[in-house]
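# Chain and residue survey
Here's the letter readout for the chains.
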Amino acid sequence: MHTRSAVMDRQSRLRELGLRPVADPTASRLTRVGRWSWRIDAALPAMGTRVAITAIARSSARLEEAVGRAFAEMDRLIAIFTRFETDSALSVLNDAGRLDRPPVELARALARAARYHRLTRGAFDVSVAPLVELFDPGTGRRPTRPPTAAEIAEARAVTGTGHVQASERGIRFSREGMRVTTDGIAKGFIVDAMAAVLEAGGVRRYLVDGGGDIRTRGRAEGRRPWTIAVRDPDDPSSFLDAVRPGRGAVATSGGYERRFAGPYHHLVDGASGTSPRTVRSVSVRAPNATDADALATAAFILGPTEGVALIDDLADCACLVIDRDGRRHTSRGWKSAPLDLDATE
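What comes next concerns the included structure. (Residues numbered from 1 in each chain as written. Predicted model: local features only at pLDDT ≥ 70, side-chain atom pairs only at ≥ 80, totals over all residues. Heavy atoms only, no water.)

This part takes up the overall build of the protein chain. Scanning the protein chain from terminus to terminus reveals 9 helices and 15 strands. For the protein chain, buried positions account for 55% of its 345 residues. Here the analysis covers contacts within the protein chain between residues at least 6 apart in sequence; of these, 63% occur between residues at least 24 apart. Roughly 15600 Å² of accessible area belongs to the protein chain as shown, and the carbon and sulfur atoms make up 48% of that amount. (Helix = DSSP H or I, 4+ residues; strand = E, 2+ residues; numbered from the N terminus. Buried < 20%, exposed > 50% of the residue type's maximum accessible area, 1.4 Å probe, protein only. Contact = heavy atoms within 4.5 Å. Areas by Shrake-Rupley, 256 points an atom, 1.4 Å probe, with all protein chains shown as cover.)

With that settled, consider unusual backbone geometry. You will see that arginine 121, though not glycine, has its phi angle at about 55°, which is positive. Considering the arrangement of structural elements, one finds arginine 121 in the loop between helix H4 (104-119) and helix H5 (129-135). Even without a glycine there, the phi angle at aspartate 316 is positive, about 65°. On the basis of relative accessibility, which here comes to 57%, the residue aspartate 316 falls in the exposed class.

Here we take up the environment of valine 321. If you trace the backbone, valine 321 turns up in strand E14 (residues 318-323). Classification of valine 321 as buried rests on a relative accessible area of 0%. For the pair valine 321 and threonine 305, spaced 16 residues apart in sequence, the C-alpha separation works out to 9.2 Å. Apart from residues lying up to four places away in sequence, valine 321 is in contact with Val279, Ser281, Val282, Pro304, Val308, Arg327, Arg328 and His329.

Helix length check: helix H8 (residues 289-302) (14 residues) gives 20 Å between terminal C-alpha atoms against 20 Å at 1.5 Å per residue, within 8%. The opening residue of H8, the one whose side-chain oxygen lies 3.2 Å from the backbone nitrogen of threonine 290, is asparagine 288. Positive phi appears at glycine 303, one or two residues downstream of H8, with a value of about 95°. (Expected span 1.5 Å × (residues − 1). Polar contact = N/O pair within 3.5 Å; in protein donor to acceptor, adjacent residues only side chain to side chain.)

The next point concerns the sheet that holds strand E2 (residues 27-33). Neighbouring strands of a sheet are bound in pairs by backbone hydrogen bonds; such pairs are parallel or else antiparallel. Taken in spatial order, the 9 strands of this open sheet run E2-E3-E4-E8-E9-E12-E13-E14-E15, and their pairing is antiparallel. Taken across any chain shown, the strands that pair with only one partner, and hence form the sheet edges, are E2 and strand E15 (328-330). Within this sheet the neighbouring strands show an average axis-to-axis angle of 10°, counted without direction. One ladder, built from 3 bridges, connects E14 with E15; its direction is antiparallel. (Pairing = 2+ DSSP bridges. Axes fitted to C-alpha atoms, helices over the stretch in contact; angles between N-to-C directions.)

With 71 residues, the main nonpolar core has Ile53, Phe71, Leu93, Leu106, Met194 and Leu198 as its most contacted residues. Top contributing element to this core by residue count: H8, with 10 residues. Core analysis: the next-biggest nonpolar cluster, separate from the first, contains 12 residues, Ala220, Ala318, Ile322 and Trp334 among them. (Core = buried A, V, L, I, M, F, W, Y, C linked by side-chain atoms within 4.5 Å.)

Turning our eyes to something else, we now look at the packing of aromatic side chains. By the definition in use, this model includes 2 aromatic pairs. Each ring, one from phenylalanine 81 and one from phenylalanine 189, has its centre 5.5 Å from the other, and the planes form 65°; the classification is edge-to-face. Taken together, the positions of phenylalanine 81 in helix H2 (residues 60-81) and phenylalanine 189 in helix H7 (residues 186-200) put the pair 108 residues apart, joining distant regions of the chain. Judged by its relative accessible area of 5%, phenylalanine 81 is buried. Consider the rings of tyrosine 116 and phenylalanine 124, whose centres lie 5.7 Å apart with planes at 75°: the pair is edge-to-face. Exposure class is identical for tyrosine 116 and phenylalanine 124. Each is buried. (Phe/Tyr/Trp six-rings, centres within 6.5 Å; stacked < 30°, edge-to-face > 60°.)

Moving on to the sheet that holds strand E7 (residues 170-173). Read from one edge to the other, the open sheet built from 3 strands follows the order E5-E7-E6, with strand pairing classed as antiparallel. Whereas interior strands pair on both sides, the edge strands pair on one side only; in this sheet they are strand E5 (98-100) and strand E6 (164-166). Neighbouring strand axes in the sheet, compared pairwise and without regard to direction, differ in orientation by 10° on average. By the bridge criterion, 3 bridges tie E6 to E7 in an arrangement that is antiparallel. Opposite alanine 166, over in E7, you have isoleucine 171 as the bridge partner. Packed on one face of the sheet, helix H3 (residues 89-96) meets E5 and E7 and runs near 125° to E5.

All told, the structure shown has 22 salt bridges when counted by the stated rule. Linking glutamate 306 and arginine 121 is a salt bridge whose minimum nitrogen-to-oxygen distance equals 3.5 Å. Taken as a pair, glutamate 306 in helix H9 (residues 304-312) and arginine 121 in the loop between H4 and H5 lie far apart in primary sequence, 185 residues in all. Given a relative accessible area of 43%, glutamate 306 falls into the partly exposed group. Residue arginine 121 is classed as exposed on the basis of its relative accessible area of 60%. Taking the shortest distance from any N to any O, the salt bridge between arginine 217 and glutamate 199 comes out at 2.9 Å. In this pair, arginine 217 is assigned in strand E9 (residues 213-217) and glutamate 199 in helix H7, connecting sequence segments 18 residues apart. (Salt bridge = Lys/Arg side-chain N within 4 Å of Asp/Glu carboxyl O.)

Structure, rendered in structure tokens:
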């Protein structure tokens, strides 16, 4: 049994997966670590969560410049991917059903989404926007009742990622009334882009945390490996496991993160039009955050058995699934790390 102070200390020293914390004001702290290196810890509220960077380098000026550029890249990409702003590229696409010469990032994200759709046998589906909007229309007011069977059927009639053609020349919907959401891929895509900016600025030791979509490289302070704690979906003060992504990424999908009317949450199965209830959370380790984000969503939709089987078939990927009864299901490649406070970020 942990005391409250011990729990708070664990939360301050462990990076958590699956947590959607209250957005903090802009925060940045630069400290010297050792004789030759500096560490920066910076955070901004964005994407409905808190996006944080921890990075280490020998030059404090290089760190500050690279981190500033990474957050600027985040802002630029959010403006493209958001479905809550009427002038974003995604909103223009959804309204018109086509977009000529789209931002290259949107075209590439949707092209990758199509590959995930095929790989997961339809479990990953960006075309579920009409279903998601039944629960979360983006008006600031969520419906007080679950949608009817007729409303779900009507929304399902205009879904199907196979009806989205995306290239850097243009994006087209072949079904009238289609809409897409990048909620299951954009955070990972943005975290990868932020990591690329850090590397372009000469930073090789970093952790980028997009509210549970996390990418790391190099080593933490004291040359310790970056260690990511996996939150217990039933108890915010507890952690079920930990993992070390190395030069890679980890992402978690959980139905507890955003709940809507009735038994529904933000993860929607396009095949049924409802929210799956067999899984509480899925954590996926992958080479990059885009893959981890999309695969965690797909494995959640597929359920414990099929979700683990999907990840087992993929090289350099692993997963931990917590089912609705709290049981653990792991893929063959999942390697737990010790939850040692003296060696964990």
